[in-house]
Amino acid sequence: MNSFLFDALARIVGSRWVKHRRGELATYSMDGLPTHEAIPGVVVMPGSPHEVRELVRLLHLIQVPFVARGAGTGLSGGALAEEDAVLITLTRLNRILRVDGVRRRASVEPGVVNARLSEAVAPLGLQYVPDPSSQAACTIGGNVAENAGGPHCLKYGVTTNHIVSLEVVLPDGSVTRLGSEQGEPWGPDLVGLFVGSEGMFGIATEITVRLEQMPESVRTMLADFTTVRAASEAVSSIISAGIVPAALEMMDQACVAAVEASIYAAGYPTDAAAVLLVELDGQSEAVGGEAQTVENILLESGARAVRSASALGDRARLWQGRKKAFGAMGRIAPDLAVQDAVVPRSALPGIMDRIEEIRKQYRLTISNVFHAGDGNLHPNISFDRRDPATAARVQLACRDIMAACVAAGGSITGEHGVGSDKLDYMPWIFDAETLGAMRAVRRVFDPAERANPGKVVPVHACREWHAVKSARA
Ligand SMILES: Cc1cc2nc3c(=O)[nH]c(=O)nc-3n(C[C@H](O)[C@H](O)[C@H](O)COP(=O)(O)OP(=O)(O)OC[C@H]3O[C@@H](n4cnc5c(N)ncnc54)[C@H](O)[C@@H]3O)c2cc1C
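Just so it is clear, the model here is predicted, and its values are computed rather than measured.

Undergrad: What exactly am I supposed to notice about the site of the ligand here?
TA: Within the structure, the ligand sits among 36 residues, and Gly 70, Gly 74, Gly 141, Gly 142 and Gly 199 are positioned closest to it. A breakdown of the residues in the shell around the ligand according to their chemical character gives 14 nonpolar, 17 polar and five charged. When residues are assigned to domains, the shell around the ligand turns out to be shared by domain 1 (3–89) and domain 2 (96–213), each giving three or more.

This is the structure:
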């Protein structure tokens, strides 16, 4: 990166908001996943959508790649930029622009922190439902790019179900609006296409979301089991009974031990092999009836005890350990590789056994905390990346876990995205032709593939790449 570019960027955002010293850049060399690292050429922090447009237009003129970044809590190495790219950090765009309580809509800038939005609309009796466990830090822009999930997405759907329109700066610097605040727009679902596109189609600069009424009644239940298998089977039994809880989460013994040894201790039984957290919400009468059915199922499935809470403070205490589980795991070792995969719910018991085998094989510490109702696993490996031998075993274990999930009829990501981390696994689930089609869609938005280059679609696995290679041979 040269001084001409630094000066040009500074003219748009002010020199204070251009970071190019080695120490400053190091802050942005990772996201939440410690297995991937890259130092960007320069970091620029626009303060308005207008500045984002000007930046992207400039980078288009000089054909320099760029990567958007929210809070950097991503867990797939998606918000990393290489030395030849400009990292555009959006955390200064943190204004809630409009709230319409009657139509239940809010329009926000991309750097608004997820939890701040629900706090802001709570006095109206409303909430923004998607609640990633990182919600105290992650941004709505990052949630849109990753199509983020969260404990309450089991019943209410992931981010894509809650976004009605987007203002997007395309990689050539032009601005477009996708979707409509009024209702379903005519034509293809371009909002649906953009949500989950992991920063490859441009930068979302304004996001209009759907808000939901807060439920009249909420019941949170904690059940503990002596085997992971019994807890996994209870998950399937609850859903088979026709009940869709607002949330249905599992933590294994290693996770509970980490939580209970930390300042986030929530009173979970440390001798349990697994605990389930089940939340029901809706009209009071319905919640009461469903709670009774769920309690019966849990006990019939082998739960030793079921604790139940309705009052806000008691429920918050039950949730505390789950929401802060990743923070608690931070005490076990310097690094934590959070993995993300999804399997059919019915495959949960078998896959949990397989993860335990992999843990033993590679002599690693793995704690599981996950969205069990969705079959969305998060095996978390605690390690020290300064030890190359351990780091290598972590990579092998991650690969084996992904392979086991694919073999069980699942997929390589449930909510954290492909980013850099899962690139090598994409050909396991998509053939060369499908990967080529994905690349073609990307090029509709970004012909030169300068937006978040090298992520998501493994170019070398695409059919067109093979064609070029054989033509050259
Ligand atoms: C402790 C912890 C718990 C987590 N729990 C969950 C969970 O329950 N569910 C879940 O889904 N995820 C979870 N995550 C992962 C992460 O928080 C989410 O992926 C989140 O959506 C990332 O938001 P961010 O602002 O940090 O984005 P970043 O990490 O900064 O960026 C993520 C991706 O979004 C792109 N991007 C960012 N902003 C924009 C924009 N405005 N326009 C276009 N592209 C953009 C980036 O280029 C990158 O590809 C968790 C992470 C941690 C650390």
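Undergrad: Where do I start with unusual backbone geometry in this structure?
TA: With the exception of glycine, most residues fall at negative phi, and the peptide bonds are largely trans. Positive phi, close to 55°, is recorded for Gln 63, a residue that is not glycine. For Gln 63, the position within the fold is in the loop between helix H3 (49–61) and strand E3 (66–69). One non-glycine residue, Glu 198, adopts positive backbone phi at about 55°. In this fold, Glu 198 is placed in the loop between helix H7 (190–194) and strand E10 (203–210). The exposure class of Glu 198 is buried, given the 22 C-beta atoms found within 10 Å.

Undergrad: Honestly, the packing of helix H8 (residues 228–240) against helix H13 (residues 348–362) in this entry has me stumped. Any pointers?
TA: Geometrically, a packed helix pair is captured by the angle between its two axes and the distance between the axes. For the pair H8 and H13, the least separation of the axes is 8 Å and the interaxial angle reads 150°. If you check the angle between H8 and H13, you find them roughly antiparallel. As for how H8 packs across H13, the hand of that crossing is right-handed. Along the contact surface, H8 presents Val 228, Arg 229, Ser 232, Glu 233 and Val 235, while H13 presents Leu 348, Pro 349 and Met 352. Here the contact of H8 with H13 is composed, by residue class, of five nonpolar, one polar and two charged.

Undergrad: Looking at this structure, how should I read the domain arrangement of the protein?
TA: When the parts of a complex come together, some accessible area is lost, and that lost area is often taken as the interface size. Each assigned domain of the protein is listed with its residue range as follows: domain 1 (3–89), domain 2 (96–213), domain 3 (217–327), domain 4 (333–407) and domain 5 (424–472). Of note, the centres of domain 2 and domain 4, computed from C-alpha atoms alone, are 30 Å apart.

Undergrad: Just to check I follow, could you spell out the sheet that holds strand E9 (residues 175–179) for this structure?
TA: Sheets are built from strands paired through backbone hydrogen bonds, the pairs being either parallel or antiparallel. Pairing is antiparallel across the open sheet formed by five strands, whose spatial order is E5-E6-E10-E8-E9. Looking at the sheet topology across the chains shown, the edges are occupied by strand E5 (96–100) and E9. Averaged over neighbouring strand pairs, the angle between their axes works out to 10° when direction is ignored. With five bridges joining them, strand E8 (residues 163–169) and E9 adopt antiparallel strand pairing.

Undergrad: Looking at this structure, how should I read the pairing of strand E18 (residues 365–370)?
TA: The side chains of a regular strand alternate between the sheet's two faces. Buried residues dominate E18, accounting for five of its six residues. Examined bridge by bridge, strand E13 (residues 247–252) and E18 share two bridges and lie antiparallel to one another. If you follow Met 251 over to E18, its bridge partner there is Val 369. Looking at chain direction, E18 and strand E20 (residues 379–383) are connected through four bridges and run antiparallel. Looking across to E20, one finds that Thr 365 is bridged to Ser 382.

Undergrad: Teacher, can you tell me more about the packing of H13 against helix H14 (residues 388–407) here?
TA: Viewed as axis vectors pointing N to C, H13 and H14 meet at an angle of 160°, and their least axial separation amounts to 10 Å. Judged by the angle between their axes, H13 and H14 are roughly antiparallel. The element H13 and its partner H14 pack so that their crossing is right-handed. Residues Ile 351, Arg 354, Ile 355, Ile 358 and Tyr 362 of H13 form the contact with H14, whose participating residues are Arg 393, Leu 396, Ala 397, Asp 400, Ile 401, Ala 404 and Cys 405. Residues belonging to the contact of H13 with H14 are distributed by class as follows: nine nonpolar, no polar and three charged.

Thresholds applied
Residues numbered from 1 in each chain as written. Predicted model: local features only at pLDDT ≥ 70, side-chain atom pairs only at ≥ 80, totals over all residues. Near = placed C-beta within 6 Å. Nonpolar A, V, L, I, M, F, W, Y, C, P; charged D, E, K, R; others polar. Domains from an automatic or database assignment. Helix = DSSP H or I, 4+ residues; strand = E, 2+ residues; numbered from the N terminus. Buried ≥ 20, exposed ≤ 12 C-beta atoms within 10 Å, placed from the backbone. Axes fitted to C-alpha atoms, helices over the stretch in contact; angles between N-to-C directions. Parallel < 35°, antiparallel > 145°, perpendicular 65-115°, else oblique. Left-handed = near helix turned anticlockwise from the far one by under 90°. Contact = placed C-beta atoms within 7 Å. Pairing = 2+ DSSP bridges.

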